[in-house]
Each structure stands twice: as structure tokens, then as C-alpha cells.
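# Descriptive analysis of the structure
What follows is each chain in one-letter form.
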Amino acid sequence: MDAKVHYSVLGTVRAMRGGFQLAVGPPKRLALLSLLVLRAPGPVSLRDAVDVLWDDEPPASAVNIVHRNIGALRKLLEPGLSSRALAEHLSRSADGYRLLLDASTSDLLLFRDLRARAQLAVKNGDAAEAALHFTDALRLWRSPVVADGTQVAQHPVFTSVGHEFVATAKEAADVVLTAAPASTEEVLTALRRAVDGHPFDEALHSHIITALAMTGRQAEALDQFERIRRALADDLGVEPGAGLRSVQQRYLRRNRAHHVAPVRQTAPVAFGSVHLPDNSVPFVGRTEVLDQCRRFLPSAASSNSAATIVALCGMAGVGKTTLAVHWAHKSTEHFPDGQIYVDLQGYHPARPPLGATQAMRAVLDALGARPAAEDRDDAALGLAYRSALARRRLLLVLDDVRDCEQVRPLLPAAAGSLVLLTSRRRLEGLAVTHHARLITLSPMALDEGIELLERRIGPERVRAEQACAEQIVELCGGLPLTLALAGTRALMRSRFSLASLAAELREGLRALSSRDARTDASTAFRRSYDALSAGAARMFRLLSLHPSHEFTLRAAASLAGSDLRTARENMAELADHHLLEEVAPDRYTRYELLRSFAADLSADADSNEARSTACARMLEHYLYSADAATALLTPHRRTVILPPPRPGVRPQEFSGRAEAADWIVSERFVLPALDRSLGHHPQGDTFGRQLKAMLMMPIPPDRR
């Protein structure tokens, strides 16, 4: 008997072995199998299983029911299994249950693989190959509803996968109609199947009308337009949108059934009012941020008098774009007039930031509502833009925003739409002028990073060297970009151990270099650094000399030799660009990868004398601050009289004993590192005695 089990979820759920269908069992078990196949090769946690299998309040025995059904599935898939630890089909780990399958055993994974190949072929300019892969993918769908036949068929976890079929049908139509016209009928069948489940998706109707018109069926195309026009009027009380009207004018009024004018792209935009960039990048975790975003959906903000603006901010490489696109794909049903993505190129490695007029034209093109005359002035273009957005409920994803001014002209005023921004800046000005909701995206937690690494290189390899995998996540700073680079490196060196990769990463950021400017970590950080003022850039470089990941405003001012006002301005600028974070008033922290990057910059840009002098100022800052704390806490133990500090040193000042004790507790772990640097200071012996006295100073119990 063939031991391989083949799983189908694109329609009725089935598990097949050797050409025979396995009897899965009752509906709950069938639904659980559907969820496992849907999430594979990722895990299904116990909580997820309970949430999906019970619409209302789960019974007290829900966990036991899940365990029993897992056991029954394991026996079904591997009847001779002696121990679950030896399972080759259904395994269990700390993060949940997993079906161990791939594109050769899952119709859903095969579908996604074919779609990804098609999209890559489009990117490489091979339309014929793309058309072949698209049509092969569409043939796999027996129904646009995943888990059909189970009681959870309408659960969002399953219905969201149906959107992949819709999106693929649209993508296939764009390619097949011109590159493989012989397959038009096959794509037309897929479009009609998709529109059955999404009757008000105007983009689907537009593709159907185009396919009919291009094959000479003008009457059918006209009938298709009239049906959707009547449905919109009768059921929704609206007229067809600009995109659908544009298709009608192009093919039905002008009788241009056999020719499609090439589309001239004026900006990097996902054309079509319901198109978004590909969502195939592995996505894990981010549950809290996704929950925050969901609260701002139109159903939850229907009382707003203006459009909802959500700004997703964070450092380079933290995964802002991936999260925004993922959330947009999961939220399509809330925006009946479509979703539009525009890359504003704020920090693009080769192109200048996109201007407001270019971005407006891109959005209007996607809606089919661009002004006819190319030479219309900016005022007329802005009026057309605001008018087009005012009549629609859209999700507008504006990616890679440079600053507030770049994006302000693009924000709609009317309620109903949601604008999702991503930026390396904090965009606080938009919170003031447009009541924008600001969400800061932090690096991934350890468990999220491990899951992402598993998605990249496989769970078996990660579990075989769990400790080394955890080190890799920590050395990558929890950044999806650097984790993806590390995962790719591990895949390319499949015979190398993860321990060897971790050892390489300990050498610093240079170990994560890539020849691709879009994915190189140093290049990504460099684009943020290049946007800084000269003073903030110098401060960023010199902070790499600090021995701790955490420091105060006065310590930073001493390092730079600047006054407190200038230091505060520079630190605020660095925080705005997410190159450090203010964790408490006048206390900051930064990530190790950024410290490594700053150290490389400082070695190239700052002279040895400048670095040595900065280190001396920092050392004196801590010693004079410690002396001030000692004077308050244990004045009888002051045995060393220090000479005046050099210019530029800004010792900490304390208002009382409690404040001095708090500082000692906060900085105590920095002082041993400073002790190792005393030999390079001209007054090292004197400072050393003072430092040792401070290290032995008793700390009040309530301040420890």
C-alpha cells in the first residue's frame, strides 16, 4: 500500500491513500483535518482548534474532544504507529499540531506553488509560462469554498482562503487573454465560478466582460454588464464604479473587441481596484497588532465623520509591508469598492520618493477614473482624486512613507475608507492633523522568530538544533528581514549545521550582507541613516561606543560632547526614525544590530582621536555621576576628590537620595565594563579607586 496520503481541501475535504478515500469520521474530525491541511506546514494550536470548531461558547470538554480527534486522525493516517513520537504524518510540538505535507501531497500547497511560479514568470517577462502555471492552478479548484461539507465551511479561517481563488482568477485573466488566448475559455469558467461567490465584485465582472469582448461575443459582454448594473442598483442602490464603466466604454461602446491597448504604468501600483501585492511571504505571529488593526475596520468605526488613518511604524526590516499586505488580504470583505496598494518609495534603494501627483494618478488609474487630459494642473488632479475616493469604501495601502508631508495630500476626507500607512518614521504629525492611529511594530518575540525560521527551513531542522535556532533568532534581532536572510543562508548550506550559522552571525551585521539592495540589512539601515541630520547621524555613530544597550540622555550628551538641548533634539530625531527607542523619560535603548551597524559607520567616518575623546567623556560622565550619587548616599565614604571634568561632560544630577539610588540600580551593570576601559584614561588610577568605592556601595533594600 502506498504510505503517502494526499489531502484535498479545495472543495469537499478528502484524504486519499493509494487511490482510496479514507473514512475520516464525524464532522468535528473532518473540520479539524481541514484546519490542519489549511495551516500546513505551519502548526495548529489547541486554542485555534477550539476557536474554529465551536462557533459559540465551547464546552468544558472541548480540549479533550480535540485530543481524541487528533488521536483518531493519527490512527487513521498511520494505523500501525506504535508511538506518536514516531509519527510521520501528524506530529505534535510545543506550538501545536502539524500535518507533515508539501505541494506533492496537498492540493492547496500545490495551488499556491503554481501561483507563485506564475507570478515569478510575470515578473521575469515570460507571459506564456505564467499563463501555463495560472491555468494549472485554476484547474485544482473544484469549489471556491474551502472545507465545503463541514460545519465550519463559513468560518473566516476557511472563507479567507477562497479569496486566493478569486485573486488568482483575476491575475490569470490579465495574462491569459493576451499571452495564451487558446486558454481564454478555461479562465472564463474560473471567473464565472468566482463571481458566483462574489456577485458584487466589479473587477471580476470587468474581467468577464473583457474576455467575452476579446473573443467577439459582444452581446454576451453587454448582457454581463447589464446584469451587474441592475444587481448593483437593485441590491445596493449604487451605480457601477469607474473601473467597470471604463471597461464598458472600452469594449462595448467603442467596439474594440480584438485589441487591448497596453497599460502605461506611472507608479509602482497593484492595478485593479481589488488587487494587492502577492501574499505568499511566510507570515507568523503579530496577533496583538492584527487585533489592533481589526478594531479600525469600517464596521467598528462606522460613526466616524472622516476616513480612518492607521500608521504602522517601525525600524527597517521589522516587517511592516508584509504585515500590511497580509492584513489587507484578510480584510477584503470590508471594502466592497476595492483595495489599492501604492509604493511611495520613501526609502527605495534606487528611486526617489514618489510625489503626490504621481501617487494620485496611480490611484486614479487603478480606479479607472484618471482625468482624460494629461496636462491637467495639480489642483484639478487633486479635485478628481478626492472626488473619486469620496464615493467609495476603499482600503488604500500607502507603503514606505517618507514623512507626513509626502502622504498628507493623499489622505481622503470622506468617511468609509481606511488608509493603512507604513513608515520608518513615527508620523506623529498625522495623529495631530488627521487623528491617525499610530501602531509601532517591534521585532518578533523568540517564539515567533522560531516559527518564522521553521517556515523557511523546515521544523525538523530547527528542532534538531533548537538552542542554535534560538541563538540565530536573537542574533538576528527578531527582524523578519534578517531572519529571512539567515534562513536563506541555511537553505543554501543545507549540509551545514545551524551552529555554524550562529557562529557566523556572532561576527556582526556584516555576516548578513546580501548583494541584493532590497534585502541587504546594512543597506536597509543605511537608507534610514542617510535621512538623518548631521548632528543626529554623529550621535548615532558615537552611541556605538557605549558598552550597554541602554543609556540616559546625559550619557549620550557626554559621548557627543554637546549641550543637553542639542542632545535631546538629536535623540528625538533618532527615535523618530526608529533607530533607538525612549523607554522612560530621558532613558533610551537600541537594538544590537543597529549598534553593530553604527559601529561600522563610526569606524569609517570618525577619526581615532574623535572616538577616543568620546570614550573619555563617557567614562568621566559615569565617574562624576557616581561621585554625585555617592555624596548623597554615603558621604562618609568619599575618599577621592576628583578634578574638574573635561568640557562636554554632562554628569547626572540628582534631586535627592531616592533618585541617586535609582540611578545606581539602573547603571550598576554598566560600571564593570567601564572599569575595563580605565587603563586608556590619563587619570585611570584615581578614577579606578572611585569606581571601586561606588561598586561596593550598599543599595537601600527598597531600591534593589
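Structure first, text after, so check above.
Quick look at helix H20 (residues 480–492) now. Over its 13 residues, H20 extends 18 Å from the first C-alpha to the last, a length consistent with the 18 Å expected when each residue adds 1.5 Å. Among the 13 residues that make up H20, 10 are buried, leaving the element largely enclosed by the rest of the structure. Buried-residue contacts for H20 involve helix H17 (446–457), helix H18 (459–464), helix H19 (466–475), helix H21 (498–505), helix H22 (521–529) and helix H26 (592–605).

Together, Phe200, Leu236 and Val238 make up an exposed nonpolar region whose accessible area comes to about 230 Å². Its place among the elements puts Phe200 in the loop between helix H7 (184–197) and helix H8 (202–214).

What follows is about the pattern of salt bridges. Pairing between side chains becomes possible if they bear opposite charge and their charged atoms approach one another. Applying the stated criterion across every chain yields a total of 27 salt bridges. The partner of Asp201 in a salt bridge is Lys170, with the nearest N and O atoms 3.0 Å apart. Highlighted residues: Asp201 in the loop between H7 and H8 and Lys170 in helix H6 (residues 156–179), separated in sequence by 31 residues. Judged by its relative accessible area of 13%, Asp201 falls in the buried class. Measuring nitrogen to oxygen at the nearest pair gives 3.6 Å for the salt bridge that ties Glu428 to Arg426. One network of salt bridges, in which partners are shared, links Asp136, Arg139 and Glu186.

A few words on the environment of His434. Here His434 shows up in the loop between helix H16 (428–433) and strand S10 (437–440). Of the residues examined, His434 reaches a relative accessible area of 29% and is grouped as partly exposed. Sequence separation between His434 and Ala307 is 127 residues; the distance between their C-alpha atoms is 8.9 Å. Residues contacting His434, with those up to four places away along its chain left out, are Ile309, Arg408 and Leu411.

What follows covers the side chain of Gln339. Mapping Gln339 onto the fold places it in strand S7 (residues 339–343). Reaching out from Gln339, the side chain makes a polar contact with the backbone oxygen of Thr332 at a distance of 3.4 Å. Engagement of the side chain of Gln339 in a polar contact is seen with the backbone oxygen of Phe335, the distance being 3.2 Å.

Under the defined criterion, the tally for this structure stands at 3 cavities of 30 Å³ or more. There is about 50 Å³ of room inside the largest cavity. The wall of the largest cavity is formed by Arg461, Arg489, Ala490, Arg493, Phe496, Ser497, Ser500, Leu501 and Glu504. Of all the elements in the fold, those that place two or more residues in the lining of the largest cavity are H20 and H21.

Counting residues in hydrophobic clusters, the biggest one holds 96 residues, and the most contacted among them are Ile472, Phe525, Phe540, Leu543, Met571 and Leu574. The element contributing the most residues to this core is helix H27 (residues 608–633), with 8 residues. Discounting residues that sit within four places of it in the chain, Ile472 has contacts with Leu453, Leu483, Ala486, Leu498, Leu501, Ala502 and Leu505. Val24, Val50, Leu109 and Ala221 belong to the second largest nonpolar core, which has 75 residues in total.

For the rest of this paragraph, the subject is unusual backbone geometry. Cis geometry marks the peptide bond from Ala40 to Pro41, where omega comes out at 5°. Mapped onto the elements of the fold, Pro41 is located in the loop between helix H1 (27–39) and helix H2 (46–53). Of note in the backbone geometry, Asp586 takes a positive phi value of approximately 60° without being a glycine. Inspection of the secondary structure puts Asp586 in the loop between strand S12 (581–584) and strand S13 (587–589). The exposure class assigned to Asp586 is partly exposed, which follows from its relative accessible area of 30%.

An order of S7-S8-S9-S6-S10 is seen for the 5 strands of this open sheet, with the pairing classed as parallel. Both outer strands of the open sheet, S7 and S10, are each paired with one neighbouring strand and no more. Across the sheet, the mean angle separating the axes of adjacent strands is 15° when strand polarity is ignored. Here strand S8 (residues 395–401) pairs with strand S9 (residues 418–423) via 5 bridges, running parallel. Residue pairing across strands places Val397 opposite Leu420, the latter belonging to S9. Its contacts with the sheet place helix H12 (residues 320–330) against strand S6 (308–313), S7, S8 and S9, and it is angled at close to 160° to S9.

In regular strands, side chains alternate between the two faces of the sheet. Pairing geometry for strand S4 (residues 90–93) and strand S5 (residues 96–99), over 4 bridges, is antiparallel. Of the residues in S5, the one forming a bridge with Ser93 is Gly96. Between the end of S4 and the start of S5, which pair antiparallel, lie 2 residues.

Right, let's talk about the packing of aromatic side chains for a bit. Inspection of the entire model under this criterion finds 8 aromatic pairs. Between Trp141 and Phe165 the ring centres are 5.0 Å apart and the planes differ by 35°, which places this aromatic pair in the tilted class. Here Phe165 lies in helix H6 and Trp141 lies in the loop between helix H5 (127–139) and H6, a separation of 24 residues in the sequence. Both residues of the pair, Trp141 and Phe165, belong to the buried class. Aromatic side chains Tyr529 and Phe597 sit 6.3 Å apart centroid to centroid with 85° between the ring planes, which places their arrangement in the edge-to-face category. Remark: Phe597 occurs in helix H26 and Tyr529 occurs in helix H22; sequence separation between them is 68 residues. Three or more aromatic residues joined by ring pairs form one cluster here, namely Phe525, Tyr529, Phe540 and Phe597. Over the ring of Trp54 we find Lys28; its NZ or CZ atom is 5.0 Å from the centre of that ring. Against the face of Tyr347 rests Arg402, its NZ or CZ located 4.7 Å from the ring centre.

Moving on: the environment of Pro59. Positionally, Pro59 belongs in the loop between H2 and helix H3 (62–77). Take Pro59: its relative accessible area is 34%, and that puts it in the partly exposed class. Setting aside its immediate chain neighbours within four residues, Pro59 contacts Trp54 and Ile65.

Another point: the pairing of S7. Judged by how many residues are buried, S7 sits mostly within the fold: 5 of 5 residues are covered. With 5 bridges connecting them, S7 and S8 associate as parallel partners. Each residue of the ladder has a partner; that of Val342, found in S8, is Leu398.

Another point: the packing of helix H24 (residues 553–560) against helix H25 (residues 564–576). Close contact between H24 and H25 brings their axes to 9 Å; oriented N to C, the two are set at 105°. As the angle between them shows, H24 and H25 are arranged roughly perpendicular. Counting all contacts with H24, which are made through Leu553, Arg554, Ala556 and Ala557, the residues of H25 involved are Leu564, Ala567, Arg568 and Met571.

The next subject is H8. In an α-helix, one turn spans 3.6 residues, which is why side chains three or four residues apart end up on the same side. The end-to-end C-alpha distance of H8, which contains 13 residues, comes to 18 Å, matching closely the 18 Å that a straight helix rising 1.5 Å per residue would cover. Burial runs high along H8: 13 of the 13 residues are buried. For H8, the N-terminal capping position is held by Asp201, with its side-chain oxygen 3.1 Å away from the main-chain nitrogen of Ala203. At the exit of H8 stands Gly216, carrying a positive phi of roughly 85°.

Rules and cut-offs
- Residues numbered from 1 in each chain as written.
- Predicted model: local features only at pLDDT ≥ 70, side-chain atom pairs only at ≥ 80, totals over all residues.
- Heavy atoms only, no water.
- Helix = DSSP H or I, 4+ residues; strand = E, 2+ residues; numbered from the N terminus.
- Expected span 1.5 Å × (residues − 1).
- Buried < 20%, exposed > 50% of the residue type's maximum accessible area, 1.4 Å probe, protein only.
- Contact = heavy atoms within 4.5 Å.
- Patch = residues over 30% accessible without salt bridge, like charges linked within 9 Å, V, L, I, M, F, W, Y side chains within 5 Å.
- Areas by Shrake-Rupley, 256 points an atom, 1.4 Å probe, with all protein chains shown as cover.
- Salt bridge = Lys/Arg side-chain N within 4 Å of Asp/Glu carboxyl O.
- Polar contact = N/O pair within 3.5 Å; in protein donor to acceptor, adjacent residues only side chain to side chain.
- 1 Å grid on protein atoms, 1.4 Å probe; cavity = no way out; pocket = protein on both sides within 12 Å on 5 of 7 lines; lining within 4 Å.
- Points joined across faces, edges and corners; volume = space filled by probe spheres on them.
- Core = buried A, V, L, I, M, F, W, Y, C linked by side-chain atoms within 4.5 Å.
- Pairing = 2+ DSSP bridges.
- Axes fitted to C-alpha atoms, helices over the stretch in contact; angles between N-to-C directions.
- Phe/Tyr/Trp six-rings, centres within 6.5 Å; stacked < 30°, edge-to-face > 60°.
- Lys NZ or Arg CZ within 6 Å of the ring centre and 35° of its normal.
- Parallel < 35°, antiparallel > 145°, perpendicular 65-115°, else oblique.

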